[in-house]
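# Results of the structural survey
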Amino acid sequence: MPAPILFTPLTIRDCVLKNRVVVAPMHQYAAVDGFPTDWHLMNIGRYAAGGAGLVFVESTKVDRRGCGTVGDLGLWDDKFVSHFKRLADFIRTHDAVPALQLGHSGRKARRARPWEGGHPLTRAEAGEQWDDWELVAPSALASPGTKDPEPRGLSNAEIKDLVQKWADAAARAHTAGFEVLEIHGAHGYLIHQFLSPLANARNDEYGGSERNRMRFALEVTQAVRANWPAHKPLFMRLSVEDDAGFGPQQSVNLARELKPLGVDVIDCSSGGILGRPVDGAGPVGYGYQVPYAERLRKDADMMSMAVGHIVHADQAEQILRSGQADLVALARELLYNPNWPMDAAQKLGVDAQFSSVPSAQAYWLAKRASGGVDVVPSTYGRNLHTARVGPPE
């Protein structure tokens, strides 16, 4: 078999990833007043120790008002920097590249955690945080088909202030030691709200035409790039299809504008405005969003990252080998198996010495593998009788 592309290093600007496996940003809703906790250290630590090349810390808010829940992380003040540095340093210690996603929830802020119902909080539930947790958006439009509260439309001056907040947060992310940064422009959050004609009814330079609706995303990108070192990569996550007026062609148009502003990779997701999976992606199943990454890579002529039900090693390898994406990002499958990159390497027939994971793991696993005992790892089959050793046939 040819060497798996999944475990071939990739260089983006001055950043070298040891493999193409990316830990996607995953909300943990475990922060306290915006600060990361021991849960965050444990959570991202297990992914770094599991062999991934690039490990994202979850969406971190640039503005107090942008917190989706009481448990969102924040980087809107210098007081957070040292706490994030602990996360970045720990990821790096385990030979992975530390990355951070910056976002703002806009009208989707001030909600209960998903497992607590995910509903908009009442004043009584929000308590003393209510006044500092105002819902803001491009326009005073609630999410369609919901009973969500109506946000306040931002003034022109407030939009420019938010652009600066993104810039300031990018500078703090650099100080904290992160090496890759992603701007969250997807899933119905604030930047996506500006892009969507269903959420943006402005009649100034930030609304109306497609070009005007892209303006906020472009200004945020310019401000972030100016405060994020030139040698460090910058990603942008987009909902390439939202079934709400911003689709693949609009995403390609935006990506073509983002590339000369210094965005290196488009992280290709979907949905968020309507609160349901998009019809354009077809049935939700293995790799259902991969065609979006393929479209952006081809038509915008820039690197793309595929995400969405990427589960198996041979599946991830085929995505890369067929030229559909440059990186593959996993989320829920890593929750299921934090050692997925290590496991995938074994299944693809590379890394016999388990060198992608820390010595405290690698030594014992390599010893077992070379000990002459016919032992099949539990991830190779449903049970002892269906387990199979070795790379895919």
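Just above, that's the structure.
Every chain's residues receive numbers from 1 upward, in the order its sequence appears when written. In keeping with the predicted nature of the model, local features appear solely for residues at pLDDT of at least 70, side-chain atom pairs appear and are counted solely at 80 or more, and the whole-chain, interface and lining totals rest on all residues. Note that the side-chain values use all heavy atoms of the structure and ignore hydrogens as well as water.

## Structural notes on the overall build of the protein
- For the purposes of this entry, the term helix denotes a DSSP run of H or I that reaches at least four residues, the term strand denotes a run of E that reaches at least two, and both are numbered from the N terminus. Of regular secondary structure, the protein possesses 12 helices and 13 strands.
- We compute the radius of gyration from the C-alpha atoms alone; for a globule the expected value is 2.2 Å times N to the 0.38, where N is the number of residues. Relative to the globule expectation of 21 Å for 393 residues, the C-alpha radius of gyration of the protein, 21 Å, shows essentially globular dimensions.
- Viewed in the frame of its principal axes, the protein has a C-alpha envelope of about 70 × 45 × 40 Å.
- A 1.4 Å probe rolled over the protein chains alone gives each residue an accessible area, and that area as a share of the maximum for its type sets the label: buried under 20%, exposed over 50%, partly exposed in between. Counting only residues that meet the buried cut, the protein has 55% of its 393 residues in that class.
- Of the contacts made within the protein by residues no fewer than 6 positions apart, 70% connect residues no fewer than 24 positions apart.
- Here the open area of atoms and residues is found with the Shrake-Rupley method and a 1.4 Å probe, where only the protein chains shown may cover a residue. Summed over its atoms, the accessible surface of the protein is roughly 16400 Å², and 52% of this surface lies on carbon and sulfur atoms.
- Taken together, the 42 basic and 45 acidic charged side chains of the protein have centroids lying 1 Å from each other. Contacts were defined at the residue level, with two residues in contact if any of their heavy atoms lie within 4.5 Å. His residues and chain termini do not enter the charge count, which takes Lys and Arg as positive and Asp and Glu as negative. For this purpose, a charge sits on NZ of Lys, CZ of Arg, CG of Asp or CD of Glu.

## Some words on the side chain of Glu182
- In this fold, Glu182 is placed in strand β9 (residues 180-185).
- Here a salt bridge means any side-chain nitrogen of Lys or Arg lying within 4 Å of a carboxyl oxygen belonging to Asp or Glu. For the buried Glu182, no salt bridge is present, and the opposite-charge side chain at shortest range is Arg237, 4.0 Å distant.
- In terms of polar contacts, Glu182 uses its side chain to reach the side chain of Gln101, at 2.7 Å.
- With sequence-adjacent residues up to four places away left out, Glu182 is seen in contact with Pro25, Phe56, Leu100, Gln101, Leu102, Phe235, Met236, Arg237, Asp267 and Met305. Nitrogen and oxygen atoms within 3.5 Å of one another constitute a polar contact, given that in protein one can donate a hydrogen and the other can accept it, and given that sequence-neighbouring residues count only through two side-chain atoms.

## Points about the pattern of salt bridges
- Evaluation of the coordinates by the stated rule reveals 27 salt bridges.
- Residue Arg86 pairs with Asp38 through a salt bridge whose shortest N-O separation is 3.3 Å. Of this pair, Arg86 sits in helix α2 (residues 81-93) while Asp38 sits in helix α1 (residues 38-49), and the two are 48 residues apart along the sequence.
- Residue Arg86 is classed as partly exposed on the basis of its relative accessible area, which comes to 44%.
- The partner of Asp343 in a salt bridge is Lys347, and the shortest N-O contact between them spans 2.8 Å. Separated by four residues within a single helix, Asp343 and Lys347 lie in helix α11 (residues 340-347), roughly one turn from each other.
- Residue classification places Asp343 among the buried residues on the basis of a relative accessible area of 10%.
- Bridged by salt links that share partners, the residues Lys85, Asp89, Arg92 and Glu179 form one connected network.

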